[in-house]
Protein chains: 2
Amino acid sequence: MNIENKLGEVLRKYRKKMGFSQEELAFRCGLERVYISMIERGQRKPTVHTMFIICKELRIRPSAFFNEIEESLIDFKFED
Amino acid sequence: MNIENKLGEVLRKYRKKMGFSQEELAFRCGLERVYISMIERGQRKPTVHTMFIICKELRIRPSAFFNEIEESLIDFKFED
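Residues numbered from 1 in each chain as written. Chains lettered and ligands numbered in written order. Predicted model: local features only at pLDDT ≥ 70, side-chain atom pairs only at ≥ 80, totals over all residues. Heavy atoms only, no water.

Participant: It is not clear to me how the relation of the copies chain B and chain A should be interpreted in this structure. Could you clarify?
Facilitator: For these two chain copies, the linking operation is a rotation about an axis paired with a shift along it. By a simple turn and slide, chain B fits onto chain A: the slide is 0.0 Å along the axis, the RMSD is 0.0 Å, and the turn is 180 degrees. Classification of the inter-copy transformation places it as that of a two-fold axis. Looking at chain B, 100% of its interface residues are interface residues in chain A too, so the copies touch through the same face. (Least-squares fit on C-alpha atoms with pLDDT ≥ 70 in both. Contact = heavy atoms within 4.5 Å.)

Given below as structure tokens:
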């Protein structure tokens with residue numbers, strides 16, 4: 001699984017956990033609903049900046065959010 | 001301090017820790033040296049994807065990297 005697909009999956013999980021529609025999350029973040037939808041489907045490569053704003057609205061620390069992504073990337077070896 | 005400035009500061013710290021020049025890091029990541037330079041000066045908003053690639057070369061987990069950034073963002077409140 002690549003980074004974008006996993007990022008989209010984790011984003012959808014936390015959005016639903018907060019009970020937000022894509023539209024509500026987009027509104028809170030100052031983004032377009034279709035952009036949230038495309039991130040969730042792994043069709044966009046969001047910036048760190050955008051993900052910090054999204055994480056803030058989802059009340060999750062970016063480090064915790066990215067930890068879930070890196071755990072799934074078995075072809076990514078980050079440390080010796 | 002904003003996200004980009006802090007991200008650049010943390011990136012420079014870990015690049016130097018690995019003993020890489022901007023040019024060497026750029027080469028390893030398949031990026032331009034000037035792009036690394038601009039990220040370090042807070043003049044670019046890199047994607048999550050790019051930062052995962054950079055973190056891999058710097059042998060740091062993205063979650064650890066982003067943890068250092070969020071710790072410094074006192075105006076960002078991530079959790080209740």
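Participant: Explain the nonpolar core to me, please; I cannot follow it from the model alone.
Facilitator: The nonpolar side chains of a soluble globular protein tend to be buried, and buried together. Ranked by size, the top nonpolar core spans 44 residues in total, and within it Ile54(A), Phe65(A), Ile69(A), Ile54(B) and Phe65(B) carry the most contacts. Setting aside its immediate chain neighbours within four residues, Ile54(A) contacts Leu11(A), Leu25(A), Cys29(A), Leu31(A), Ile36(A) and Ile39(A). (Core = buried A, V, L, I, M, F, W, Y, C linked by side-chain atoms within 4.5 Å. Buried < 20%, exposed > 50% of the residue type's maximum accessible area, 1.4 Å probe, protein only.)

Participant: Looking at this structure, how should I read the interface of chain B and chain A?
Facilitator: A common way to state how big an interface is: give the accessible area lost once the parts meet. Counting residues at the interface gives 30 residues for chain B and 30 residues for chain A. Of the roughly 2,700 Å² buried at the junction of chain B and chain A (both faces included), carbon and sulfur atoms supply 64%. Between the two partners, chain B and chain A, sit 2 salt bridges. Note that Glu70(B) and Arg61(A) form a salt bridge whose closest N and O atoms lie 3.0 Å from each other. The interface formed by chain B and chain A holds 8 residue pairs in polar contact (both at pLDDT 80 or more) in total. Broken down by class, the residue content of the side of chain B that touches chain A amounts to 15 nonpolar, 4 polar and 11 charged. (Buried area = accessible area lost by both parts, 1.4 Å probe. Salt bridge = Lys/Arg side-chain N within 4 Å of Asp/Glu carboxyl O. Polar contact = N/O pair within 3.5 Å; in protein donor to acceptor, adjacent residues only side chain to side chain. Nonpolar A, V, L, I, M, F, W, Y, C, P; charged D, E, K, R; others polar.)

Participant: Sorry, what's going on with unusual backbone geometry here?
Facilitator: Glycine aside, a negative phi is what most residues show, and trans is what most peptide bonds show. Residues and elements named next belong to chain A. With phi around 55 degrees, Arg-59 is a residue other than glycine that occupies positive phi space. Take Arg-59: it is sitting in the loop between helix 4 (48–57) and helix 5 (62–72). You can call Arg-59 partly exposed: its relative accessible area is 43%. (Helix = DSSP H or I, 4+ residues; strand = E, 2+ residues; numbered from the N terminus.)

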